[in-house]
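The lines below spell out each chain.
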Amino acid sequence: MGAPYRGEAGSFPIGQRRSGGGRAPEAAANQRERREMAAEAAAAAVVARLRALPRPPPVLEAPLEPSAALRLLCTPSGPRLALLEWICCRVNPPLTKRLDELRDEPEEVRLNELMALAEELMLCEAEDMALVEGTAPPEQQLGFIRDLLDAAPSQEEREKKAESG
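Residues numbered from 1 in each chain as written. Predicted model: local features only at pLDDT ≥ 70, side-chain atom pairs only at ≥ 80, totals over all residues. Heavy atoms only, no water.

1. Quick notes on helix α3 (residues 78–91)
Item 1. Taking 1.5 Å as the rise per residue, α3 with 14 residues should run 20 Å; its terminal C-alpha atoms sit 20 Å apart, in good agreement.
Item 2. Those residues of α3 that sit buried are R80, L81, L83, L84, E85, W86, I87, C88, C89, R90 and V91.
Item 3. Where α3 begins, one side-chain oxygen reaches toward the backbone nitrogen of R80, 3.1 Å away; that side chain belongs to S77. (Helix = DSSP H or I, 4+ residues; strand = E, 2+ residues; numbered from the N terminus. Expected span 1.5 Å × (residues − 1). Buried < 20%, exposed > 50% of the residue type's maximum accessible area, 1.4 Å probe, protein only. Polar contact = N/O pair within 3.5 Å; in protein donor to acceptor, adjacent residues only side chain to side chain.)

2. Observations regarding empty space enclosed by the protein
Item 1. For the structure shown, the criterion picks out one cavity of 30 Å³ or more.
Item 2. Size it by volume and the largest cavity reaches roughly 40 Å³.
Item 3. When residues of the lining of the largest cavity are traced back to their parent elements, those giving at least two are α3, α5 (107–120) and α6 (129–133).
Item 4. Among the residues forming the lining of the largest cavity, the class breakdown is four nonpolar, one polar and three charged. (1 Å grid on protein atoms, 1.4 Å probe; cavity = no way out; pocket = protein on both sides within 12 Å on 5 of 7 lines; lining within 4 Å. Points joined across faces, edges and corners; volume = space filled by probe spheres on them. Nonpolar A, V, L, I, M, F, W, Y, C, P; charged D, E, K, R; others polar.)

3. Let's talk about the confidence of the model for the protein chain
Item 1. For the protein chain, per-residue confidence averages 84 on the pLDDT scale, and residues scoring 70 or more make up 79% of the total.
Item 2. For residues 1–20, every residue scores under 50 in pLDDT, and the model assigns this stretch 15 contacts once sequence neighbours within four places are set aside. (pLDDT = per-residue confidence, 0-100. Contact = heavy atoms within 4.5 Å.)

4. Topic: the pattern of salt bridges
Item 1. Under the definition given, this model contains six salt bridges.
Item 2. R98 serves as the salt-bridge partner of E101, at 3.6 Å between the closest nitrogen and oxygen. One end of the pair, E101, and the other, R98, are both in helix α4 (residues 95–101), three residues apart, so they sit about a helical turn from each other.
Item 3. Classification of E101 by relative accessible area gives partly exposed; the value is 49%.
Item 4. In this structure, D100 engages R103 in a salt bridge whose closest nitrogen and oxygen atoms are separated by 3.6 Å.
Item 5. With relative accessibility at 48%, the residue D100 sits in the partly exposed group.
Item 6. With a relative accessible area of 40%, R103 lands in the partly exposed category.
Item 7. Here the salt bridges do not stand alone but share partners, grouping E85, D100, R103 and R110 into one network. (Salt bridge = Lys/Arg side-chain N within 4 Å of Asp/Glu carboxyl O.)

5. Here's the deal with the nonpolar core
Item 1. Within the largest apolar cluster, 38 residues are counted, with the highest numbers of intra-cluster contacts made by L50, L73, I87, L114, V132, F144 and I145.
Item 2. Looking at this core, the elements that each hand over two or more residues are α1 (23–51), α2 (66–74), α3, α4, α5, α6 and α7 (138–151).
Item 3. With sequence-adjacent residues up to four places away left out, V132 is seen in contact with R80, L84, L111, L114, M115 and F144. (Core = buried A, V, L, I, M, F, W, Y, C linked by side-chain atoms within 4.5 Å.)

6. Topic: α7
Item 1. Along its 14 residues, α7 runs 20 Å from first to last C-alpha, staying within 8% of the 20 Å computed at 1.5 Å per residue.
Item 2. Within the sequence span of α7, burial applies to Q141, L142, G143, F144, I145, L148 and L149.

7. Observations concerning the environment of L102
Item 1. Mapped onto the secondary structure, L102 falls in the loop between α4 and α5.
Item 2. Taking relative accessible area as the criterion, L102 reaches 7% and is therefore assigned buried.
Item 3. Along the sequence, L102 and E113 sit eleven residues apart, while their C-alpha atoms lie 9.4 Å from each other.
Item 4. L102 has contacts with V109, R110 and E113, leaving out every residue within four places of it along the chain.

Structural data, given as structure tokens:
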């Protein structure tokens, strides 16, 4: 291990550093864990909100643990894209036909359609594509999804519109 260094602050073997008790890495790990738990709770709340809708999205049929909800909502994947498309089509029903036409196109084309709607609704700007792609920080993505849900008309509003027109 080498000869001990005898200095003012005590001795420790050469080649080893004093860790200061290891508290800084432990505190950072605790902070990351708290952020992760908060993000999981927020994701679970979004999933609960989606499931409370009159006709919840098919991708949410199976029960999800909070960590799985976070992965679904905040990690780029086919199921995440399907969920975003479903939400966007609730906001703007004519988008359904357009997305059906684009079913065989590259994913990027469909993401661009979703982004165009989000920009139109003033939920984000062109440089915020990471929100639609699923690569932005989880807190931002969950806020974006909540905003999309807020933009969707309620079942009652849809029924009134159907009755009047």
